[in-house]
Number of protein chains: 2
Amino acid sequence: MQILSIKLANHSYPIYIGENAMDNPQYFNQHLKNNQKVLIVTNTTIAPLYLERLKHTIAISGIINSDNLFSIVLNDGEQYKDWSSVERIVQCMLENSFDRHSLIIALGGGVIGDMVGFTCSIYMRGIQFIQVPTSLLAQVDSSIGGKTGINHELGKNMLGAFCHPQAVIADTSVLKTLDKRQLISGIAEILKHAFIADVDFITWLESNIQNVLNLDEQSIKYAVYRSCQIKASFVEQDEKEQNIRAYLNFGHTFGHAIESHMGYGVWLHGEAVGCGMVMAARLSMLQGYINNQQYLRIFNLIQNYGLPVIPPTYKDMNFNDYIKYMSKDKKNQNNQINFIILKSLGNAQKNIATSKEIECSINI
Amino acid sequence: MQILSIKLANHSYPIYIGENAMDNPQYFNQHLKNNQKVLIVTNTTIAPLYLERLKHTIAISGIINSDNLFSIVLNDGEQYKDWSSVERIVQCMLENSFDRHSLIIALGGGVIGDMVGFTCSIYMRGIQFIQVPTSLLAQVDSSIGGKTGINHELGKNMLGAFCHPQAVIADTSVLKTLDKRQLISGIAEILKHAFIADVDFITWLESNIQNVLNLDEQSIKYAVYRSCQIKASFVEQDEKEQNIRAYLNFGHTFGHAIESHMGYGVWLHGEAVGCGMVMAARLSMLQGYINNQQYLRIFNLIQNYGLPVIPPTYKDMNFNDYIKYMSKDKKNQNNQINFIILKSLGNAQKNIATSKEIECSINI
């Protein structure tokens, strides 16, 4: 078992990474209190796989009385990451007299984690939660760093808060039950962490494609761990994204536009980010930062992990469609779209772009 | 003009108190930035009185271009302090490409202030705002301290966040246009601050009833200033209400129950709090903390300021109705209702109560 710690100005918390972490009551115990009410929030896909297993772990911890352990199963999918799902969780808590000292466990992927975190940030002005991420994407990215939120019909993650969990418990054994498409989607964020921060990790990822895709135990554990470590370092240096934390958004400006325009679930988040990183790399090349060879290294790594590198055709999504979504990106200031580009491999920065540059990055 | 400053661990901000503060661009200027988009949120009662006046002040500041100044007018009333109003503000901001660097000015009473603060806490994970409180209640209480939120059908202020403004600009001249009932409702919170923290202020309030009610300039300015000072001191010592900040909830456990059960607007917030303080004082007496004479001093001061001291009859609201709402109070822990009681005049603490004590406090 590996333990990483995120150290923030006002709060620090552990990330436990390892096989069967979900079965070990000791990771939960130290974050639970006697007489506390606990709600497990999960979805229809995850509940049959892990809900009883997690309940069992909490039960044998001996801290939470079974009368105080509740669960709620939401619909699965990005399209349900909205206010009505938050409202369902809130209703359940109020009906069962959850107070400020109650706690939620988020059992699921990024959607469950983001929604639970957001709900906890606003329920009675803030209650505690634990993340048990079950997708690769949630384990390497979204469960860490305290960004929580829900979507609005006019844009992804438009409503949210910075709100950190008490702990993240990343059980790598659950990755075996992920379908291949979900697994590959999560790899996009691992690649992103390498592209913005660590050339050696890029090289390692190039050399270990089959090991990672086959979930070789040592390889996937290293990929998850190194990914969490890079993410944690950006978060520790810039918790509220005033500055370098925005680099973690590499590929997301284009990616969010694709995801939103094509309809949530049509392109998975990681797929859109994979393709978005190709576009952002192209923009970096157009602006003279990286050369053709570096661009192709990025393009090929994304492609070789099975992620899409070709965007929707102009028939499905044209320049104006991109601009419509990108102009509402949270990084923007004074009506100018901000992009994260690569100055070199392992080295990012924020930049603006001309319409021509954007157009050329899209028509890839 | 008097200026108070709230000093918190990560943020400090000024409270400007005085006649015609709303007309002075210098109070706004230092909190605005060039090219920033600004949205004024107000309601149908306040808009005809002050919206153009405030827009004029912002315009002559010369910092905000008129193309960047927006306004939205919501329905007036506690019953509109809900998600659908937040959604209206969010929609307006997204449609007009407000970004993370945009700002909202809350022009109104406690409802507008709470909703705007909450919206700012979740819009793109947090944007800045300025409070321009127009009710006495908002000037002496709700605009200060960063508690923001909206109501849920199962309880008042159940969803919210701690989120502080950049500044509070309390223009005491606007109190002249308040109707008497609204004015008196605001006085309840002034009395509360005296009861929990300052015997001398109780004595001053006993001696200045007519001056305060007639809005004598010196008297009302002192009452507002001292009230803000007491509130600020509790907030500075315990920003997130882990401890003594809860004392500011004196009278609110009973009061919120009355307000919620009778229907928002039937009893105004301050009216319910006034009556709730009588009940909480009675509980303090029943538990042996204050004597009959001290209880009567509280009872009479509340009564003499024109606030209700008699609760709804059992036909309108019985013991179980109180318990239903009080059992969802945010101060509660482990299914026990927590009350704020007075150990002595000017001295509060948190306590639980037996059913019999609660019943006797209600049947007043």
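Further up the page is the structure itself.
Quick caveat, the model's predicted, so the values are computed rather than measured. (Residues numbered from 1 in each chain as written. Chains lettered and ligands numbered in written order. Predicted model: local features only at pLDDT ≥ 70, side-chain atom pairs only at ≥ 80, totals over all residues. Heavy atoms only, no water.)

As for the relation of the copies chain A and chain B
Thinking step 1. Overlaying chain A with chain B gives an RMSD of 0.0 Å, the required rotation being 180° about an axis along which the chain moves by 0.0 Å. Considering both components of the superposition, the chain copies are consistent with a two-fold axis.
Thinking step 2. Of the residues that chain A buries at the interface, 100% are likewise interface residues in chain B, meaning the two copies contact each other through the same surface. (Least-squares fit on C-alpha atoms with pLDDT ≥ 70 in both. Contact = heavy atoms within 4.5 Å.)

Concerning the packing of aromatic side chains
Thinking step 1. By the definition in use, this model includes 19 aromatic pairs over all chains.
Thinking step 2. Each ring, one from Trp 83 of chain A and one from Trp 83 of chain B, has its centre 3.4 Å from the other, and the planes form 5°; the classification is stacked. With Trp 83 of chain A in helix 3 (residues 83–95) and Trp 83 of chain B in helix 3 (residues 83–95), the pair connects residues from two separate chains. Of the two residues examined, Trp 83 of chain A and Trp 83 of chain B, each falls in the buried class.
Thinking step 3. Between Tyr 295 of chain B and Phe 299 of chain B, the ring centres sit 6.1 Å apart and the planes meet at 40°, which makes this aromatic pair tilted. With Tyr 295 of chain B and Phe 299 of chain B both in helix 12 (residues 292–304) and 4 residues apart, the pair spans about one turn of that helix.
Thinking step 4. Relative accessible area serves as the criterion here: at 18%, Phe 299 of chain B is assigned to the buried category.
Thinking step 5. An aromatic cluster is built from Phe 201, Trp 204 and Tyr 222 of chain A, whose rings are joined through pairwise contacts. (Phe/Tyr/Trp six-rings, centres within 6.5 Å; stacked < 30°, edge-to-face > 60°. Helix = DSSP H or I, 4+ residues; strand = E, 2+ residues; numbered from the N terminus. Buried < 20%, exposed > 50% of the residue type's maximum accessible area, 1.4 Å probe, protein only.)

Some details on the sheet that holds strand 2 (residues 12–18) of chain B
Residue and element names in this part refer to chain B.
Thinking step 1. The sheet built from 7 strands is open, its strands ordered 1-2-9-6-5-3-4 with mixed pairing. Looking at which strands have only one partner, the edges of the open sheet turn out to be strand 1 (2–7) and strand 4 (69–74). Across the sheet, the axes of successive neighbouring strands diverge by a mean angle of 15°, strand direction being ignored.
Thinking step 2. Here strand 1 runs beside strand 2; their pairing, made up of 6 bridges, is antiparallel. Paired with Ser 5 across the strands is Pro 14, a residue of strand 2.
Thinking step 3. Taken strand by strand, helix 4 (residues 110–122) contacts strand 3 (38–43), strand 4, strand 5 (103–108) and strand 6 (128–133), and its axis lies near 165° from that of strand 5.
Thinking step 4. Across the sheet, helix 9 (residues 217–237) touches strand 1 and strand 2, and the angle it forms with strand 1 is around 10°. (Pairing = 2+ DSSP bridges. Axes fitted to C-alpha atoms, helices over the stretch in contact; angles between N-to-C directions.)

Topic: the packing of helix 3 of chain B against helix 4 of chain B
Axis angle and axis distance: for two packed helices, these are the angle between their axes and the distance between the axes, and together they describe the pair.
Residue and element names in this part refer to chain B.
Thinking step 1. Between helix 3 and helix 4, the shortest axis-to-axis distance is 10 Å and the interhelical angle comes to 55°. Considered as vectors, helix 3 and helix 4 are oriented oblique to each other. Of the two possible hands of crossing, helix 3 and helix 4 adopt the one that is right-handed. For the pair helix 3 and helix 4, the contacting residues are Trp 83, Ser 85, Val 86, Ile 89, Val 90 and Met 93 in the first and Met 115, Phe 118, Thr 119 and Ile 122 in the second. (Parallel < 35°, antiparallel > 145°, perpendicular 65-115°, else oblique. Left-handed = near helix turned anticlockwise from the far one by under 90°.)

Topic: helix 10 (residues 252–262) of chain B
Residues and elements named next belong to chain B.
Thinking step 1. Counting buried positions along helix 10 gives 9 out of 11 residues, so the element sits mostly inside the fold.
Thinking step 2. Looking at the packing, one finds that the buried side of helix 10 touches strand 8 (155–162), helix 6 (180–197), helix 11 (269–286), helix 13 (319–326), strand 10 (339–344) and helix 14 (355–362).
Thinking step 3. Looking one or two residues past helix 10, Gly 263 carries a phi angle of roughly 100°, positive in sign.

Quick word on the interface of chain A and chain B
Thinking step 1. Across the contact, 37 residues belong to chain A and 37 residues belong to chain B.
Thinking step 2. Taken together, the two surfaces of chain A and chain B that pack against each other cover about 3800 Å², and 52% of this comes from carbon and sulfur.
Thinking step 3. The tally of links from chain A across to chain B stands at 2 salt bridges.
Thinking step 4. The partner of Arg 100 of chain A in a salt bridge is Glu 241 of chain B, and the shortest N-O contact between them spans 3.2 Å.
Thinking step 5. Where chain A meets chain B, there are 22 residue pairs in polar contact (both at pLDDT 80 or more).
Thinking step 6. If you list the elements that add at least two residues to the side of chain A that touches chain B, you get helix 3, helix 4 (110–122), strand 7 (147–152) and strand 8 (155–162) of chain A.
Thinking step 7. Residues that form the side of chain A that touches chain B fall into these classes: 12 nonpolar, 14 polar and 11 charged. (Buried area = accessible area lost by both parts, 1.4 Å probe. Salt bridge = Lys/Arg side-chain N within 4 Å of Asp/Glu carboxyl O. Polar contact = N/O pair within 3.5 Å; in protein donor to acceptor, adjacent residues only side chain to side chain. Nonpolar A, V, L, I, M, F, W, Y, C, P; charged D, E, K, R; others polar.)

Focus: the side chain of Asp 171 of chain A
Residue and element names in this part refer to chain A.
Thinking step 1. For Asp 171, the position within the fold is in strand 9 (residues 167–171).
Thinking step 2. Within the local environment of Asp 171, its side chain forms a polar contact with the side chain of Arg 53, the two groups lying 3.2 Å apart.
Thinking step 3. Ignoring any residue separated from it by four or fewer positions in sequence, one finds Asp 171 in contact with Gly 18, Glu 19, Asn 20, Ala 21, Met 22, Arg 53 and Gln 139.

A short note on the sheet that holds strand 3 (residues 38–43) of chain A
Residue and element names in this part refer to chain A.
Thinking step 1. Here 7 strands make up an open sheet; going across it, the order is 1-2-9-6-5-3-4 and the pairing mixed. Where the open sheet ends on each side, the last strands, each with one partner, are strand 1 (2–7) and strand 4 (69–74). On average, adjacent strands in this sheet sit at an angle of 15° to one another, irrespective of strand direction.
Thinking step 2. Pairing analysis gives 4 bridges linking strand 3 to strand 5 (residues 103–108), with the strands arranged parallel. Pairing of Leu 39 across the sheet is with Ile 104, part of strand 5.
Thinking step 3. Across the sheet, helix 3 touches strand 3, strand 4 and strand 5, and the angle it forms with strand 4 is around 160°.
Thinking step 4. Docked against the sheet, helix 4 engages strand 3, strand 4, strand 5 and strand 6 (128–133), running at close to 165° with respect to strand 5.

As for the pairing of strand 2 of chain B
Residue and element names in this part refer to chain B.
Thinking step 1. Along strand 2, 6 of the 7 residues are buried, which leaves the element largely enclosed by surrounding structure.
Thinking step 2. Where strand 1 folds back on strand 2, the antiparallel hairpin that results is connected by 4 residues.
Thinking step 3. Pairing geometry for strand 2 and strand 9 (residues 167–171), over 4 bridges, is parallel. Pairing of Ile 17 across the sheet is with Ala 170, part of strand 9.

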